[in-house]
Structures are given as structure tokens and as C-alpha cells.
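Examination of the molecular architecture
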Amino acid sequence: MPDATAGCSTLSITMQPPFSLTSLPPLTLYVHLPWCVRKCPYCDFNSHVVREAIPEQRYVEALLSDLDQELPRVSGRHVQAIFIGGGTPSLFSAEAIDRLLCGVHARLMVRPNPEVTIEANPGAVEQQKFREFRAAGVNRLSIGAQSFDDGCLKRLERIHGAREAIFAAEAAHDAGFDNFNIDLMFGLPGQGVEACLDDLRIAIGLDPAHISFYQLTIEPNTVFYSRPPMLPKDDLIWDMQTQGQRLLADRGYTQYEVSAYAREGRCCEHNMNYWQFGDYLGIGAGAHGKVSCAATQSITRRWKQRQ
């Protein structure tokens, strides 16, 4: 389990870029909340199954202590966006998220009305919590549906079903979120092209501003790596990708990076910052960061201990 008693230990490497830093890139903040109800067999992120009550207050204090250690590196700079990932951050109470965001605003210069995203899984959410997150300052959700096919979800060992995934998107609308993402995977065990496109049609029908459409990959140190499932053939997966891309384009979703598709003006600002080589602070267990310094003409990459 993550240590929630102090700020995270940090490792770092500093390098000289092969170009001159005449100005600094945009800066965003990533916050890692590592707890999950269940560890998915394909997941290689730093996440831990909840064994008992999450120590919310201690972990938020640790996050803010971690942020305090980062402040000298970004003095005078404005944060453009905040992304709270995991794990399943929506397991945290809205009160804990509010304390976290208040602490961030007290320590950093955050631009007015920043994009503030929190990841949520359909099996761990309900409408009232979405409303509370919004009241705490979250204005963008990322919902980990992965599929709307109960058979595929079962083979992925997800804790939710198709109805819960649809309900989560509807609850996001009801809570006033006009900007949310739906995560969808393709190339799933037992999935065909039409089933993949059906997933996309359902997702599009729920009217999200953003869809992440990405292939299931088998990563080291996962259950699927040690016990690989039977996946569709490569040619079939290619058909899923290309036909899915055409469907998304026809419905007004523009691809702006490898697996991200957005309606006009709805690209994820935090993701775009990664994609365009911007700077980002990373706080929490296993979080990564990258900060440029014009004075020393250097770029420092930092990563926090996973445990």
C-alpha cells in the first residue's frame, strides 16, 4: 500500500536540451491517487487494491507536502490545468478533493478557470458524487467505460457492467458537466469489428466532448502478461482501428494525438501539454514530472517512489 505519512521520496535526472530555452513551455499539474477497488489484469499503472478505509486526510496532507517540495522549481509560473489520475480517484470523497484543490490553489498560481480533470470508473461513482466534485472545482471527468459489452467487460474483469457505464455518462450530464471523456478499448478478447463499432456508437450517442479510443496492449508486470488472453488477429484489430477512426471523424471527433479524439475546442489541455513537450509537476505515489529551467538551460525529469 502507498505510504500516506509524508511527502513522496523523489528521484530525478537533469539534462541539457539540444536547443536553447528562450522561453518556458506551459505548466500543468498531475496528481496521483493510487487506490482501486480491484486491480484490472491489463493495468500496469501504480495502483493498489483498497484493503481498508482509504487514509484520505493523511494522503492529501502527503500530496501537499510533496507539492511544497516542488514549489522552488516553478516559482512565478502559472499552472494551466490540473489532472487527478490513478488508480480510481473517484473513490475519494468530494471533501478530500476539495481540500486537495484548495491546497493547490494556496500554493500555486493557477490561471483563472483552469481545466480540472478527475478520473472516474463507473463502478465507483454515482450522480451525487459527480455534483459534489463539480462543486469542489472539478470541471472535467474522464470515465473509464472501456466497453459497453457485458461479455467484454467480464473478460476484462471490470467491476461494472454496460448499464453502469451508460449511467455514469448520463450522470455526468445531469451534474452539469459539458466536458467529459469516455475511455474505450478495442482489440479485446472475443471482440469483433462490429462489436467494437457498436461500443463507439453507444459512446458517441452519450454525447461526450472527448473519446479516448485505444488498443488493449499486454504490458509486463500484469496478470494478462503472465496469463495472456486470446486476442483478435492483428488484421482484425487494424480494421477496428481504421473503421473506428472513420466513424469518429464522421461524427465530429478530431484525432489530435495517438488515441485521443475531441470535438472542436475540447482537446484535453493536460494531455496536449504532454503531447507538445510542455512542463508538468507530478505529485503522489509514482507520479512523474518534467520541469524546464531557462536560467540553467536544463530540463529535469522527476519521478516519485511508487510505494
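Bear in mind the structure is a predicted one, so any value in this text is a computation, not a measurement.

Before going further, it helps to spend a moment on the overall build of the protein. When its secondary structure is counted, the protein shows 9 helices and 14 strands. A compact globule built from 307 residues should have a C-alpha radius of gyration of about 19 Å, and the protein, at 19 Å, falls within 12% of that. Each principal axis of the C-alpha atoms in the protein carries an extent, and together these give about 55 × 45 × 40 Å. Among the 307 residues that make up the protein, the fraction classed as buried is 52%. When contacts within the protein are restricted to residue pairs at least 6 apart in sequence, those whose partners lie at least 24 apart make up 76%. Taken as a whole, the protein presents about 14000 Å² of accessible surface, with 50% of it coming from carbon and sulfur. Taken as two groups, the 29 positive and 35 negative side-chain charges of the protein have centres that lie 3 Å from each other.

As enumerated under the stated definition, the model contains 11 salt bridges in all. A salt bridge links Lys-304 to Asp-66, with the shortest nitrogen-to-oxygen separation between them at 2.7 Å. One end of the pair, Lys-304, is in strand S14 (residues 298-304); the other, Asp-66, is in helix H1 (residues 56-70), with 238 residues separating them in the sequence. Between Arg-77 and Asp-279 there is a salt bridge; the shortest N-O distance is 3.0 Å. In this pair, Arg-77 is assigned in the loop between H1 and strand S5 (78-86) and Asp-279 in strand S12 (residues 279-283), connecting sequence segments 202 residues apart. Considered together, Arg-77 and Asp-279 belong to a single accessibility category, that of buried residues. Among the ionic contacts, a cluster of salt bridges with common partners joins Asp-66, Glu-70, Arg-302 and Lys-304.

What follows is about the confidence of the model for the protein. For the protein, the average pLDDT comes to 93, and 96% of its residues sit at 70 or higher. Between residues 1-7, whose pLDDT stays under 50, and residues either more than four places distant or in other chains, the model counts 21 contacts.

Quick look at the state of the cysteines now. Scanning all chains against the criterion turns up 0 disulfides. As a non-bridged cysteine, Cys-36 has Cys-43 as the owner of its nearest cysteine sulfur, 6.3 Å distant. The class of Cys-36 is buried, set by a relative accessible area of 10%.

In total, this model carries 9 aromatic pairs according to the counting rule given. Measuring from ring centre to ring centre gives 6.4 Å for Phe-213 and Tyr-261, while their planes differ by 65°; the resulting arrangement is edge-to-face. Of this pair, Phe-213 sits in strand S9 (residues 210-215) while Tyr-261 is found in strand S11 (residues 260-262), placing the two residues 48 residues apart along the sequence. Judged by relative accessible area, Phe-213 falls into the buried class, the value being 3%. An aromatic cluster of three or more residues is present, and its members are Trp-35, Tyr-59 and Phe-92. Here the basic side chain of Arg-134 rests over the ring of Phe-177, its NZ or CZ set 5.2 Å away from the ring centre. The ring of Phe-277 has Lys-290 lying over it, and the distance from NZ or CZ to the ring centre is 4.3 Å.

On to the side chain of Thr-88. By the element assignment, Thr-88 lies in the loop between S5 and helix H2 (94-107). Within the structure, the side chain of Thr-88 is placed 3.3 Å from the side chain of Asn-121, a separation counted as a polar contact.

Turning our eyes to something else, we now look at the packing of H1 against H2. A packed helix pair is summarised by two numbers, namely the angle formed by the two axes and the spacing between the axes. Contact geometry of H1 with H2 gives a least axis separation of 10 Å together with a crossing angle of 15°. Our classification of the angle between H1 and H2 gives roughly parallel. Once H1 is placed against H2, the crossing between them reads as right-handed. Contacts between H1 and H2 involve Glu-56, Gln-57, Val-60, Leu-63, Leu-64, Leu-67 and Asp-68 from the first element and Ala-96, Arg-99, Leu-100, Gly-103, Val-104 and Arg-107 from the second. Considering only residue class, the contact of H1 with H2 consists of 7 nonpolar, 2 polar and 4 charged.

With that settled, the discussion passes to the pairing of strand S13 (residues 288-293). Here S13 runs beside S14; their pairing, made up of 6 bridges, is antiparallel. Along S14, the bridge assignment pairs His-288 with Trp-303. Taking the residues between adjacent antiparallel strands as the criterion, S13 and S14 are bridged by 4 residues, where Gln-297 takes a positive phi near 50°.

For the rest of this paragraph, the subject is a nonpolar patch on the surface. On the surface, Leu-11, Ile-13, Met-15 and Trp-303 cluster together into a nonpolar patch covering about 330 Å² of accessible area. Per-element accounting of the nonpolar patch gives the leading share, 3 residues, to strand S1 (residues 10-15). By secondary structure assignment, the location of Leu-11 is in strand S1. Residue classification places Leu-11 among the partly exposed residues on the basis of a relative accessible area of 40%.

Conventions adopted
Residues numbered from 1 in each chain as written. Predicted model: local features only at pLDDT ≥ 70, side-chain atom pairs only at ≥ 80, totals over all residues. Heavy atoms only, no water. Helix = DSSP H or I, 4+ residues; strand = E, 2+ residues; numbered from the N terminus. Rg over C-alpha atoms; globule rule 2.2 N^0.38 Å. Buried < 20%, exposed > 50% of the residue type's maximum accessible area, 1.4 Å probe, protein only. Contact = heavy atoms within 4.5 Å. Areas by Shrake-Rupley, 256 points an atom, 1.4 Å probe, with all protein chains shown as cover. Lys, Arg positive; Asp, Glu negative; His and termini not counted. Charge placed at Lys NZ, Arg CZ, Asp CG, Glu CD. Salt bridge = Lys/Arg side-chain N within 4 Å of Asp/Glu carboxyl O. pLDDT = per-residue confidence, 0-100. Disulfide = S-S within 2.5 Å. Phe/Tyr/Trp six-rings, centres within 6.5 Å; stacked < 30°, edge-to-face > 60°. Lys NZ or Arg CZ within 6 Å of the ring centre and 35° of its normal. Polar contact = N/O pair within 3.5 Å; in protein donor to acceptor, adjacent residues only side chain to side chain. Axes fitted to C-alpha atoms, helices over the stretch in contact; angles between N-to-C directions. Parallel < 35°, antiparallel > 145°, perpendicular 65-115°, else oblique. Left-handed = near helix turned anticlockwise from the far one by under 90°. Nonpolar A, V, L, I, M, F, W, Y, C, P; charged D, E, K, R; others polar. Pairing = 2+ DSSP bridges. Patch = residues over 30% accessible without salt bridge, like charges linked within 9 Å, V, L, I, M, F, W, Y side chains within 5 Å.

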